[in-house]
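# Observations on the three-dimensional arrangement
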Amino acid sequence: GLAPALRPPRAGSLSLEDAEPELSEGDVLVDMKASAVTGRDLFAVYGYASGTSSGSVAGLTGAGLSGGRAVLVTKPSRGGTWSGSAAAAAGELVPLPEGISMQDAALLPAAATAHLALQLAPPSPGDVVLVNTASTTGLAAVQLAVAAGASAAAVLPPGAGAG
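Please read all numbers here as calculations on a predicted model, not as lab measurements.

### With respect to the nonpolar core
Grouped together as the largest cluster of nonpolar side chains are nine residues: Ala114, Leu118, Val129, Val131, Ala140, Ala141, Val142, Ala145 and Ala150. Broken down by element, the residue count for this core peaks at four residues, all from helix α4 (residues 136-147). Filtering out sequence-adjacent residues up to four positions away, alanine 140 remains in contact with Ala110, Ala111 and Ala114.

Structural data, given as C-alpha cells:
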C-alpha cells in the first residue's frame, strides 16, 4: 500500500507524498522504522549526487521490519529509506540482533565505516584527531576517537551551525 515518503521534487527541496515502492524480482518490502541521514542523502536532496534524480525517494540506509523480523537496509532497490516502506533485495538485508534499537541500527553503516578508519590509524590517549567532515560517518569517528581517549575535532563547511 501507499506510505508517506520524502522526495526531492527539485534540487534543494523535499516534499512529503504517498509512495508505493516498486518491487523487482527478488525484492521484499521493508516497513521502515528509522533512517540515517548521510552526506550522500543531502547531496541527492540538493541535486549534487550522481545516480539520483528529482522525484526519487531519498535515503540510503535504514532499519525496519520485513517478514516480521528486524533488518538493516543498506542498499534499497528502488527509491530510498526515507519512506514508510522501501523495496530491497532479500539478499541485501542484514538481520538485526535482539536488543538493538531501530535508530541505532540505522547508524550502523556510518559507525562501521568510522570504526574501520580508526582501525587503520588507531588513536592513542592524548592524540588529537581531526575529522575532515561533519557527516554522519565523521561524527561517529569523533565519538569513537574520544572514546579511545583522544581529543577530536570535526571540520564544518562555512556557515554551518551559524545562526
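### Here we look at the pairing of strand β10 (residues 151-154)
Each regular strand shows side chains that alternate between the opposite faces of the sheet. Of the pairings in the sheet, the one linking strand β9 (residues 128-131) to β10 comprises four bridges and is parallel in character. From the neighbouring strand, valine 131 faces β10, where its bridge partner is alanine 154. After leaving β9, the chain enters α4 and then returns to the sheet as β10, a path that is right-handed.

### Thoughts on the environment of proline 97
Relative to the assigned elements, proline 97 resides in the loop between β8 (93-95) and α2 (102-106). Take proline 97: its relative accessible area is 55%, and that puts it in the exposed class. For the pair proline 97 and valine 71, spaced 26 residues apart in sequence, the C-alpha to C-alpha distance is 8.8 Å.

### Remarks on helix α3 (residues 108-120)
The first and last C-alpha atoms of α3 sit 18 Å apart over 13 residues, in line with the 18 Å expected at 1.5 Å per residue. Within the sequence span of α3, burial applies to Ala110, Ala114 and Leu118. Considered in projection along α3, the buried side chains sweep an arc of 65 degrees and stay on one side of the axis. Opposite the packed face of α3, turned more than 90 degrees from it, sit the exposed residues Leu116 and Leu120. Looking at the buried positions of α3, the neighbouring elements they touch are α4.

### Brief notes about the sheet that holds strand β7 (residues 85-89)
Sheet architecture is open: six strands sit in the order β6-β7-β3-β4-β5-β8, paired in antiparallel fashion. Bordering the open sheet on either side are β6 (76-78) and β8, each of which pairs with just one other strand. Here the average twist between neighbouring strands, direction ignored, is 50 degrees. Across four bridges, the pairing between strand β3 (residues 27-35) and strand β4 (residues 62-66) is antiparallel. Its bridge partner being in β4, alanine 34 is matched across the sheet by alanine 63.

What counts, and at which threshold
Residues numbered from 1 in each chain as written. Predicted model: local features only at pLDDT ≥ 70, side-chain atom pairs only at ≥ 80, totals over all residues. Heavy atoms only, no water. Core = buried A, V, L, I, M, F, W, Y, C linked by side-chain atoms within 4.5 Å. Buried < 20%, exposed > 50% of the residue type's maximum accessible area, 1.4 Å probe, protein only. Helix = DSSP H or I, 4+ residues; strand = E, 2+ residues; numbered from the N terminus. Contact = heavy atoms within 4.5 Å. Pairing = 2+ DSSP bridges. Right-handed = clockwise from strand over helix to strand, strands pointing away. Expected span 1.5 Å × (residues − 1). Arc of directions from axis to C-beta. Axes fitted to C-alpha atoms, helices over the stretch in contact; angles between N-to-C directions.

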